[in-house]
Amino acid sequence: MSMKSEISRRKKALSCKVAVAVLLLFWLTRMVALNAFPPFVDEAFHINFGNLVREQGLLARAEEGRQFTVWLYVVAQAQTGGAPVFVARVATILSVLPGVAAAIATARLLAGGWSGVLAALLFTFSAYNLFFDRLALADPVSASAVLVGLYFAARLWLRAQWLDAVLCGVVLFVAVGAKVSALPYLGIPLAAALTLKPPGRSWRENARWGVIALLAGLGLSALFLGVLLTRGIDPFFYLQSPSSVARSTYLDKWALVFDTLNGYAGTLMAVLLLAGVTVLLLRRRLYLPLVLIAPLIVLSFSGRQDSRHIIPPLNLLILCGAVAVESISVRYGPLIRRAALAVILGWAVLVWLPFAASLTSDPLNLSLTTNDRNEYITAEGSGFGLHEALEVLREEGAERVIGLLANCLSLRYIAIDLVVDCPRLNPNGEDIPALAVQLDANRAPHVYAVLEDLAYAPDTAPGRLVAEIEGAPGRPLLRVYALGG
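Residues numbered from 1 in each chain as written. Predicted model: local features only at pLDDT ≥ 70, side-chain atom pairs only at ≥ 80, totals over all residues. Heavy atoms only, no water.

Peer 1: Before we move on, can you summarise the pattern of salt bridges with the specific residues and values?
Peer 2: For side chains bearing opposite charge, pairing can occur when the charged atoms are close. A complete count under the given rule lists 19 salt bridges for this structure. The shortest N-O distance in the salt bridge between Asp-139 and Lys-179 comes to 2.6 Å. With Asp-139 in helix H7 (residues 138-154) and Lys-179 in the loop between helix H8 (162-178) and helix H9 (188-195), the pair connects residues that are 40 residues apart, well separated along the chain. Lys-179 carries the same exposure label as Asp-139, and that label is buried. A single salt-bridge network, built from bridges that share partners, covers Asp-42, Asp-139, Lys-179, Arg-308 and Glu-375. (Salt bridge = Lys/Arg side-chain N within 4 Å of Asp/Glu carboxyl O. Helix = DSSP H or I, 4+ residues; strand = E, 2+ residues; numbered from the N terminus. Buried < 20%, exposed > 50% of the residue type's maximum accessible area, 1.4 Å probe, protein only.)

See the structure below:
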């Protein structure tokens, strides 16, 4: 073995060890104080859908478009343990790890070991990913599968094997099953077949590989969605329903992408990552830019436009940045690598570390974008105030609770030692008379009610007002009543 090849081998081994070490760091950062952020309403919905699957069958609530994620939480037994939200969040983090490993491997494959290290650091120190990786939502689960599919497709640069094609299609089908919004990423095999052809290979081989991968992904997805349609279940219901944050124009939806990127990454890093895409385009390394831009254009027409819905494109943006650095360093030398490493570490200290500290110890003052603060902290679907209400209920010796609040299911899943009833709360207000009757009919010792200050819930309850809880500035007030007086 020549000296040059031995040095190359050692460099690859070192970069692989560094990537593994950073992956371990990634896991630890996601697990620290995992319950610190109060449960968001959609997390409780996911867990509750798992209860319905256990009771009614595998396709219960499949119209919500996240069935494989629900099955994941059922397998993890989030519904049957003593800490449903915590268990579901751990299951989410475990499902994210393969995607991060695949992203590191993709960067190494397309640009070398240093790009893999940079990708590992960027994913670990992304405040955006840190926030959503720690929530029990379908979006990070689906996005992880997209990254794994992206890796199997990237292997086409090395070889055109049918097994890689099949695995690519199968994993992308899993991404769609985990969240139906991943449908545009079924086109990843097409992007790979068009852009990843090394010298000496015929376009026919690439086309054959692409057809196999597309047949696997599209075929399995069509079969699954077809089964739902034959059962009278609309698998596209989720995509057709509007987002919780209205976006009136096409430009508004694109603005969300840039606002989210800038809000979580900071202006400098946002500019550098976008510059990375430009570098790849100029150098005609089109695989990652094509997978980033084409599905994003399709998704921008969807009514579902919250920040968590754009995890896949922002993940791809991170990958573009890592690969672009190596592309530039080939021409300008190792100085570019060192500069990139310094920028990432500085970013970690100045942006990520304060964010992580606040997330794990002071989530009320977490620096989120305006839209995300409204949705996850101050809106009625947030979990802020629930733990305080639970503390009051336990001090009062409550045994049964009637929850008239939007996030009642989260109260149920953190108050596992109490019986929590969650009556229907229709946003049109039609349930108010029936709810008032229900409260009056349950005036008994050790029975309590938690009322949220909502236009579609009763204004008050019979019995004794025990506590008023704000939870977070701007959040609807929670009132705890002892119905028995």
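There is more to say after this.
Peer 1: Can you break down the side chain of Thr-260 residue by residue, with the values?
Peer 2: Checked against the element boundaries, Thr-260 lands in helix H12 (residues 250-265). Polar side-chain contacts of Thr-260 include one of 2.7 Å to the backbone oxygen of Leu-256. Those residues in contact with Thr-260 that sit more than four places away from it in its chain are Tyr-128, Ser-307, Ile-310, Leu-314 and Thr-369. (Polar contact = N/O pair within 3.5 Å; in protein donor to acceptor, adjacent residues only side chain to side chain. Contact = heavy atoms within 4.5 Å.)

Peer 1: With reference to specific residues and values, describe the nonpolar core.
Peer 2: Ranked by internal contacts, the top residues of the largest apolar core, which has 100 residues, are Phe-131, Tyr-287 and Leu-288. Here this core takes eleven residues from helix H15 (residues 311-332), the largest share from any one element. The contact partners of Phe-131, leaving out residues within four places of it in the chain, are Phe-37, Tyr-264, Phe-355, Leu-359, Leu-366, Leu-368 and Tyr-376. (Core = buried A, V, L, I, M, F, W, Y, C linked by side-chain atoms within 4.5 Å.)

Peer 1: So, the state of the cysteines: which residues are in play, and what are the values?
Peer 2: Taken as a whole and assessed by the stated rule, the structure comprises one disulfide. Two residues, Cys-408 and Cys-422, share a disulfide whose sulfurs are 2.1 Å apart. Its torsion about the S-S bond being -80°, the disulfide of Cys-408 and Cys-422 is classed as left-handed. Highlighted residues: Cys-408 in helix H19 (residues 408-414) and Cys-422 in the loop between strand S2 (419-421) and helix H20 (432-441), separated in sequence by 14 residues. With relative accessibility at 4%, the residue Cys-408 sits in the buried group. On the accessibility criterion, Cys-422 (25% relative accessible area) is partly exposed. Sulfur of Cys-168: no disulfide; nearest cysteine sulfur belongs to Cys-320 and is 17 Å away. (Disulfide = S-S within 2.5 Å.)

Peer 1: I'd like a rundown of the side chain of Ser-410, residues and numbers included.
Peer 2: As for its position among the elements, Ser-410 is in helix H19. Assessed through its relative accessible area of 0%, Ser-410 is described here as buried. Aside from chain neighbours lying at most four places away, what touches Ser-410 is Pro-39, Phe-40, Val-41, Ala-44 and Leu-386.

Peer 1: Explain the sheet that holds strand S3 (residues 447-452) to me, using residue names and the numbers behind them.
Peer 2: Sheet architecture is open: five strands sit in the order S2-S1-S3-S5-S4, paired in mixed fashion. Where the open sheet ends on each side, the last strands, each with one partner, are S2 and strand S4 (464-469). Strand-to-strand twist of the sheet, defined as the mean angle between neighbouring strand axes without regard to direction, takes the value 20°. Looking at chain direction, S3 and strand S5 (residues 478-482) are connected through five bridges and run antiparallel. Each bridged residue has a counterpart across the sheet, and for Ala-449 the counterpart in S5 is Tyr-481. Running at roughly 165° to strand S1 (residues 400-404), H20 makes contact with S1 and S3 of the sheet. (Pairing = 2+ DSSP bridges. Axes fitted to C-alpha atoms, helices over the stretch in contact; angles between N-to-C directions.)

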